[in-house]
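Listed below are the residues making up each chain.
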Amino acid sequence: MTDIFQGDPKIDLTVEGSRLIFVGGQPVMDQGLENQALISLFTSKGWCGNSLFADVDQQIGSDFEKIASQPITRSMLIDLEKAAKKALEYPAFGKVDVIVRNPASTRLEVEITIAPPGKDIKTLLLSRNGLNWQLQATNPAYKRIQ
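A brief structural summary.

Rules used throughout
Residues numbered from 1 in each chain as written. Predicted model: local features only at pLDDT ≥ 70, side-chain atom pairs only at ≥ 80, totals over all residues. Heavy atoms only, no water. Helix = DSSP H or I, 4+ residues; strand = E, 2+ residues; numbered from the N terminus. Buried < 20%, exposed > 50% of the residue type's maximum accessible area, 1.4 Å probe, protein only. Contact = heavy atoms within 4.5 Å. Areas by Shrake-Rupley, 256 points an atom, 1.4 Å probe, with all protein chains shown as cover. Expected span 1.5 Å × (residues − 1). Arc of directions from axis to C-beta. Patch = residues over 30% accessible without salt bridge, like charges linked within 9 Å, V, L, I, M, F, W, Y side chains within 5 Å. Salt bridge = Lys/Arg side-chain N within 4 Å of Asp/Glu carboxyl O.

**With respect to the overall build of the chain**
Secondary structure summary: the chain contains three helices and 10 strands in total. Tracing the chain from N to C terminus, the helices and strands come up as β-β-β-β-β-β-α-α-α-β-β-β-β. Relative to its full complement of 146 residues, the chain shows a buried share of 34%. In the chain, the proportion of contacts linking residues at least 24 apart, taken out of those at least 6 apart, comes to 41%. Here the chain has roughly 9000 Å² of accessible surface; of this, 53% comes from carbon and sulfur atoms.

Now the structure itself:
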C-alpha cells in the first residue's frame, strides 16, 4: 500500500470549483498526476499567480474550461481536444492522448491517457453533465485511505 500521508492534498472538482476531502482529519492525498492534470486543465489563462514566475515556461493557464463551456458543436469538440493536449504539454505527463465525446445533448466526456516516462499509464475520465464536472481516475486517491 502507498503511504497515505505522502503527496499533495487531492483536489476534488465541485460545482463551486474545487475542494479538499478529509477522512478522520487526514486529507486524502494524491501521489500521482491527477492534481497536476486538473490544475493544468482548469486554471484559466491569465491566472494571477503567474505574476510570481519570471520564467514564462513556469506559468500555467488553459482555454480548456472556457472552450468546454461553449455550445457543443463538432468544432467545439475538436477545439476541446486540442486545448486538453496543449494544457498537458509537460515532460512529466509524457505521451498524452485525448478523446472527447458528446454522448447526449449537454454531456461531455473527455478521456485522457497519460503515459509518463518510466511510470504506469494513467487514464483520467472527465465527465461534464450540464455545468458539473466529475473525475474518475485509475488508482484514485480515495482508494488509498483505509
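**A look at helix α3 (residues 74-87)**
A rise of 1.5 Å per residue sets the reference length of α3, with its 14 residues, at 20 Å; its end C-alpha atoms lie 20 Å apart and thus fit the reference within 8%. By the burial criterion, the buried members of α3 are Met76, Leu77, Leu80, Ala83, Ala84 and Ala87. Relative to the axis of α3, the buried residues are bounded by an arc of 125 degrees and lie together on one face. Along α3, the residues that are exposed and aim more than 90 degrees away from the buried face are Arg74, Lys82 and Lys86. Looking at the packing, one finds that the buried side of α3 touches α1 (34-42), α2 (64-68), β7 (95-104) and β8 (107-115).

**Points about a nonpolar patch on the surface**
A cluster of nonpolar residues, Trp47, Leu52 and Phe53, forms a patch on the protein surface that exposes about 330 Å² of accessible area. Within the secondary structure layout, phenylalanine 53 lies in the loop between α1 and α2.

**Considering the side chain of asparagine 50**
Here asparagine 50 is to be found in the loop between α1 and α2. Beyond its immediate stretch of four places on either side in the chain, asparagine 50 contacts Gln59 and Ile60.

**Considerations on α1**
Since the α-helix turns once every 3.6 residues, residues separated by three or four places project in the same direction. Burial of α1 is extensive: seven of the nine residues sit out of reach of the surface. Burial in α1 covers these residues: Glu34, Asn35, Ala37, Leu38, Ser40, Leu41 and Phe42.

**As for the environment of leucine 125**
By the secondary structure assignment, leucine 125 is in strand β9 (residues 122-129). The class for leucine 125 is partly exposed, based on a relative accessible area of 34%. Separated by 25 residues in the primary sequence, leucine 125 and valine 100 place their C-alpha atoms 10.0 Å from one another.

**Some words on the pattern of salt bridges**
Throughout the structure, instances matching the rule amount to seven salt bridges. Aspartate 63 serves as the salt-bridge partner of lysine 45, at 3.4 Å between the closest nitrogen and oxygen. With a gap of 18 residues between them, lysine 45 in the loop between α1 and α2 and aspartate 63 in the loop between α1 and α2 connect regions that are remote in the sequence. Classification of aspartate 63 by relative accessible area gives partly exposed; the value is 29%. For arginine 107, the salt bridge identified is with glutamate 109, shortest N-O distance 3.0 Å. For arginine 107, a relative accessible area of 26% translates into the label partly exposed.

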